[in-house]
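# A closer look at the structure
What follows is each chain in one-letter form.
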Amino acid sequence: MNYIVYDLEFNQDFSSPGEHRANSCKRLNRPCFEIIQVGAVKLGRDFTPKAAFDRDVKPTIYPEISPFITELTGITTVQLAKESTFPQVYQDMIEFIGQEDSVLCVWGMSDLKELFRNIDYHKLDRKLMPRSYINLQPYASLHFHLPQKRPMKLKTTAEMLDIPLVHPFHNAYNDAFYTAEILKKLYGPSVVSNIYDPDFKPPRPRPAKKRVDYKKLIEQFEKMYERQLTGEEQGMVQLAYKMGKTRQFLK
């Protein structure tokens, strides 16, 4: 069994506001984040390094690299022009992973979700990619007794675990390297793998059904009119309230 510790860098369309961009992606059935760099480290069961994977990806969804992404990662449009597109890099990544049982290890769920979204967009065989995964980010929060609602950053975690910062961050391979080092530090009986289902959609919580307290409603009417309502009047109040909720009398 191997651990495939990987990281991705993305490009996206920054020409539209966030909400409009997200809606546009759904409408056109394409990922909002296009993979432009894949970095991975393969570790054996005892965390012995076995192989490394470091590839740039030529974008086809958003061909021009955003200036923001270039500033963050150093990746430019010119740099990626002669690289392979994602379908070829994906096949190379599958060969890198190999036939042995493997667990994907990531820093945050976004890299896992966006990997499968890019796979589906290019109509590639998602069954080739392992589904077993470990998201190390919440385990770091647990290790330092911090709330999981505010996920820790990769660099902060590496610093707090005294991992030497010898490579710049926001590079897919370098970030995969740091994530692998964190895995070695945090791994224990409490660190368990899960199965990722790309098609899973959490059910929307249904609002609790509210019931009208007719007793208090009648009491309010009696307070307003300073007298007790008859049984017939109480029935009329309840009926009027129910009919009003149907909205059929709105002009």
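## Some remarks on the pattern of salt bridges
In total, this model carries seven salt bridges according to the counting rule given. For the salt bridge of Lys 50 with Glu 100, the shortest nitrogen-to-oxygen distance reads 3.7 Å. With Lys 50 in strand S3 (residues 49-56) and Glu 100 in the loop between helix H4 (86-97) and strand S4 (102-106), this residue pair connects regions lying 50 residues apart in the sequence. For Glu 100, a relative accessible area of 44% translates into the label partly exposed. The partner of Asp 92 in a salt bridge is Arg 55, with the nearest N and O atoms 2.6 Å apart.

## As for helix H5 (residues 110-121)
Taking 1.5 Å as the rise per residue, H5 with twelve residues should run 16 Å; its terminal C-alpha atoms sit 16 Å apart, in good agreement. Where H5 is concerned, the buried positions are Asp 111, Leu 112, Glu 114, Leu 115, Phe 116, Asn 118 and Ile 119. On its buried side, H5 packs onto strand S1 (2-11), strand S2 (34-43), H4, S4 and strand S5 (132-135). Count one or two residues on from H5 and you reach Lys 123, which has phi positive near 55°.

## Focus: the state of the cysteines
Enumeration according to the criterion identifies one disulfide in this entry. What pairs with Cys 25 in a disulfide is Cys 32, and their sulfur atoms sit 2.1 Å apart. Across the disulfide from Cys 25 to Cys 32, rotation about the S-S bond amounts to roughly 130°, and the bridge is consequently right-handed. The pair Cys 25 / Cys 32 is uniform in exposure class, with both members buried.

## Some thoughts on the pairing of S1
Buried residues dominate S1, accounting for ten of its ten residues. On S1, burial covers both faces: Asn 2, Ile 4, Tyr 6, Leu 8 and Phe 10 on one face and Tyr 3, Val 5, Asp 7, Glu 9 and Asn 11 on the other are all buried. In the sheet, S1 pairs with S4 via four bridges, with the strands oriented parallel. Within the sheet, the bridge partner assigned to Ile 4 lies in S4 and is Leu 104. The pairing of S1 with S2 spans nine bridges and is classified as antiparallel. Bridge pairing in S2 links Glu 9 to Gln 37.

## A word on the packing of aromatic side chains
Aromatic ring pairs are described here by two measures, namely the spacing of the ring centres and the angle between the planes. Counted under the stated rule, the structure contains twelve aromatic pairs. With a centroid separation of 5.9 Å and 65° between ring planes, the pair formed by Phe 10 and Phe 33 is classed as edge-to-face. Placement of Phe 10 in strand S1 and of Phe 33 in the loop between helix H1 (18-28) and S2 is noted, with a sequence separation of 23 residues between them. Ring centres of Phe 221 and Tyr 225 lie 6.5 Å apart, and the angle between their planes is 10°; on these two criteria the pair is classed as stacked. Of this pair, Phe 221 and Tyr 225 both sit in helix H9 (residues 214-225), four residues apart, roughly one helical turn. You can call Phe 221 partly exposed: its relative accessible area is 27%. You can call Tyr 225 exposed: its relative accessible area is 53%. One aromatic cluster in this structure is built from Tyr 3, Phe 47 and Tyr 187. Note that Lys 42 overlies the ring of Phe 96, its terminal NZ or CZ placed 5.4 Å from the centroid.

## Side note on the environment of Pro 49
You can see Pro 49 is positioned in strand S3. Classification of Pro 49 by relative accessible area gives exposed; the value is 59%. Distance from Pro 49 to Ala 180, taken between C-alpha atoms, is 9.5 Å for residues 131 residues apart in sequence. Not counting the four nearest positions on each side in its chain, Pro 49 is found in contact with Lys 42 and Leu 43.

Conventions and cut-offs
Residues numbered from 1 in each chain as written. Predicted model: local features only at pLDDT ≥ 70, side-chain atom pairs only at ≥ 80, totals over all residues. Heavy atoms only, no water. Salt bridge = Lys/Arg side-chain N within 4 Å of Asp/Glu carboxyl O. Helix = DSSP H or I, 4+ residues; strand = E, 2+ residues; numbered from the N terminus. Buried < 20%, exposed > 50% of the residue type's maximum accessible area, 1.4 Å probe, protein only. Expected span 1.5 Å × (residues − 1). Contact = heavy atoms within 4.5 Å. Disulfide = S-S within 2.5 Å. Pairing = 2+ DSSP bridges. Phe/Tyr/Trp six-rings, centres within 6.5 Å; stacked < 30°, edge-to-face > 60°. Lys NZ or Arg CZ within 6 Å of the ring centre and 35° of its normal.

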